[in-house]
Amino acid sequence: MNVSNLNIYPLGDQALTLQLSDQIDASVNQQVMHIFHHLQNHPIKAVTDIIPAYSSITIVYDLAQIGLQHRFSSSFEWIKATIIQHIESINASNLIGRHIKIPACYDVSLGLDLIELAQHNQLSVEEVIHKHTSQTYQVYMIGFLPGFPYMAAVDPSIQMNRRAVPRQIVPKGSVGIAGAQTGIYPLDSPGGWQIIGQTPLNLFDISKENPCLLSPGDRVEFYTVSLEEFWEIRKAITA
Amino acid sequence: MSIVIIKPGLFSTIQDEGRKGFQHLGINPNGAMDIRAMQMANTLVLNDVSEAVLEFYFPAPVLQFTQPAFIALGGADFSAETNGTDIPINQPVFIPANTIIQFTSKKWGQVGYLSVQGGFDLSEWLNSYSTNVKAAAGGFEGNILKAGDTIDLRFNASNKTTNKEYSTMPWKASSKEFYHSNPLQFIPGHEFAKLTETSQTLLLSAEFSILRQSDRMGYRLNGPALELSEKKEIISTAVTKGTIQLLPNGQCIVLMADHQTTGGYPRIGHIISADLPTLAQKGINDSIYFTTTTIEQAEKLFIGQEQHLHLLTNACKLQLDAYHRH
């Protein structure tokens, strides 16, 4: 992978960020994911976390574990050089990430902002649901809450900005829209996204070895379930 | 055999060095606010530096030990006592069964630690004992401690000693290496250069104070409003402990142990790791000044603290050997 356009800067004294661009772009994020997967599969001494974001990736390291690197002026310079070497060896070609289908109930009792969002975009509720379920979204990053996926891109005709006043509690499983992004709240949480439905699935479950349903780089498609099916699935999961 | 929480205190949790390796899933690291105080408390009782400890604020908890134990207090000094006897900080003590420990007044610092030789008998969540309150996981039942909670200990000190009475061990540590007064040093963040010249000067000269709305997620500061020369929306990226973010109202927040993994506010600086213990021990209305430093200097100071801790660990081992031979 070509690193000439990479902007690498320290994020404090135990992390560095590689910025690929300053825009949200699917192909840039794919590059981020290639770096993410490569670094996960080729562990570097002292690296504790690799955090992909929209157009950047951050590597967190433990200074205490690096020790003296004689050819470098600092541990930062050593880790930076090591990471550049790794990235140059990446042969990025095919798409990575799983394809995951997520049931969502778009009943207005769960899609708290569905009617408002439809009116805002001068569409019927059915058209909004159809457009939201017709797209495959890329999980650009996970943040804000454990397992909260930032996914894009939402069809321009059903986009809407965040609510002016965030809700005190958005119920767990709520599917929301914020501009071109769509996301799912893994936990009951304060939040400002426009809520259009709810999934009965657990996005986050501390009893599981891998507690998060989604990972960065996954591709996600929503399909509709009725209110009845929603409760059936939720009961089956919690049972 | 355990510790019973008689009174829970303000915000008492189990913490270790933090949960590493899961930030890409939005799972924040948590961990001790003052890592050095936590490590030192462990070292004093010959634990591994990363063993889980009890972290507390003032008002601090009232604790009852149902078994004898070697413990050490570190970080803040909240005037600990048992039965009218003062318990020193930064010095290991032996406490007999049924000792009740309480903390009577705030002498120095904000966040205290209690280590127990052998550690707490808890299970890890994602390789860490740190409490993640938001996820309701880790620590003791994933929550802050409540009255009546009973935390089992791994180790029974009665097997190691014939001692029956409260006593201090004949070694102690100095925590001076880990704290200093103002200013706090930071490495300029990616958006530091985007501050107006006036705001850059203000950041490096003005007095900031810690607001009441501060917690383990972050320290909110009150100071002169800072401005960016261009108001460009920033795409969310990872943030870290010590990151100074500029909020839309021109005020700053310094992210602490429970910070979110990503954020979209301008990162104007990052407090260096070596200065985070000093910041963690500052409280509401305390004043803060900032100065910039280099990555080389930050690393040098960090390594200095590591070496101090290492020397202390060796010294404690020697002292313990001498104590047993005695």
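How each quantity is defined
- Residues numbered from 1 in each chain as written.
- Chains lettered and ligands numbered in written order.
- Predicted model: local features only at pLDDT ≥ 70, side-chain atom pairs only at ≥ 80, totals over all residues.
- Heavy atoms only, no water.
- Contact = heavy atoms within 4.5 Å.
- Buried area = accessible area lost by both parts, 1.4 Å probe.
- Salt bridge = Lys/Arg side-chain N within 4 Å of Asp/Glu carboxyl O.
- Polar contact = N/O pair within 3.5 Å; in protein donor to acceptor, adjacent residues only side chain to side chain.
- Phe/Tyr/Trp six-rings, centres within 6.5 Å; stacked < 30°, edge-to-face > 60°.
- Buried < 20%, exposed > 50% of the residue type's maximum accessible area, 1.4 Å probe, protein only.
- Helix = DSSP H or I, 4+ residues; strand = E, 2+ residues; numbered from the N terminus.
- Lys NZ or Arg CZ within 6 Å of the ring centre and 35° of its normal.
- Pairing = 2+ DSSP bridges.
- Domains from an automatic or database assignment.

Draft legend 1. Seen up close, the interface of chain A and chain B. Contacts between the two partners involve 48 residues from chain A, matched on the other side by 38 residues from chain B. Where chain A abuts chain B, roughly 3400 Å² becomes buried across the two surfaces, and 62% of that area is made up of carbon and sulfur atoms. Here chain A is connected to chain B by 0 salt bridges. Counting the contacts that link chain A with chain B gives 12 residue pairs in polar contact (both at pLDDT 80 or more).

Draft legend 2. The arrangement of the packing of aromatic side chains in detail. All names here are of chain A. Throughout the structure, instances matching the rule amount to 19 aromatic pairs over all chains. On the basis of an interplanar angle of 80 degrees and a centroid distance of 5.3 Å, the ring pair of Phe 144 and Phe 148 is categorised as edge-to-face. Given a relative accessible area of 0%, Phe 148 falls into the buried group. Centre to centre, the rings of Phe 144 and Tyr 185 are 6.2 Å apart; their planes meet at 85 degrees, and the pair counts as edge-to-face. Separated by 41 residues along the polypeptide, Phe 144 in the loop between β6 (137-142) and β7 (149-152) and Tyr 185 in the loop between β10 (181-184) and β11 (189-191) bring together distant segments of the chain. Of the two residues examined, Phe 144 and Tyr 185, each falls in the buried class. Over the aromatic face of Trp 78 sits the side chain of Lys 45, whose NZ or CZ is 5.7 Å from the ring centroid.

Draft legend 3. Up close: the sheet that holds strand β11 (residues 150-152) of chain B. Residue and element names in this part refer to chain B. Strand order in the open sheet formed by 6 strands is β7-β6-β9-β4-β1-β11, with antiparallel pairing between adjacent strands. Edge strands, defined here as strands with exactly one partner in the open sheet, are β7 (85-86) and β11. Relative to strand β4 (residues 62-65), strand β1 (residues 2-7) is paired through 4 bridges, and the arrangement is antiparallel. Within the sheet, the bridge partner assigned to Ile 5 lies in β4 and is Leu 63.

Draft legend 4. Structural detail: the domain arrangement of chain B. All names here are of chain B. Domain boundaries assigned for chain B yield domain 1 (2-176 + 308-325) and domain 2 (184-293). Each of domain 1 and domain 2 has a C-alpha centre, and these two points are 30 Å apart. Listed per partner, the contact involves 23 residues of domain 1 and 17 residues of domain 2. For the pair domain 1 and domain 2, the summed buried area comes to about 1400 Å², and 51% of that belongs to carbon and sulfur atoms.

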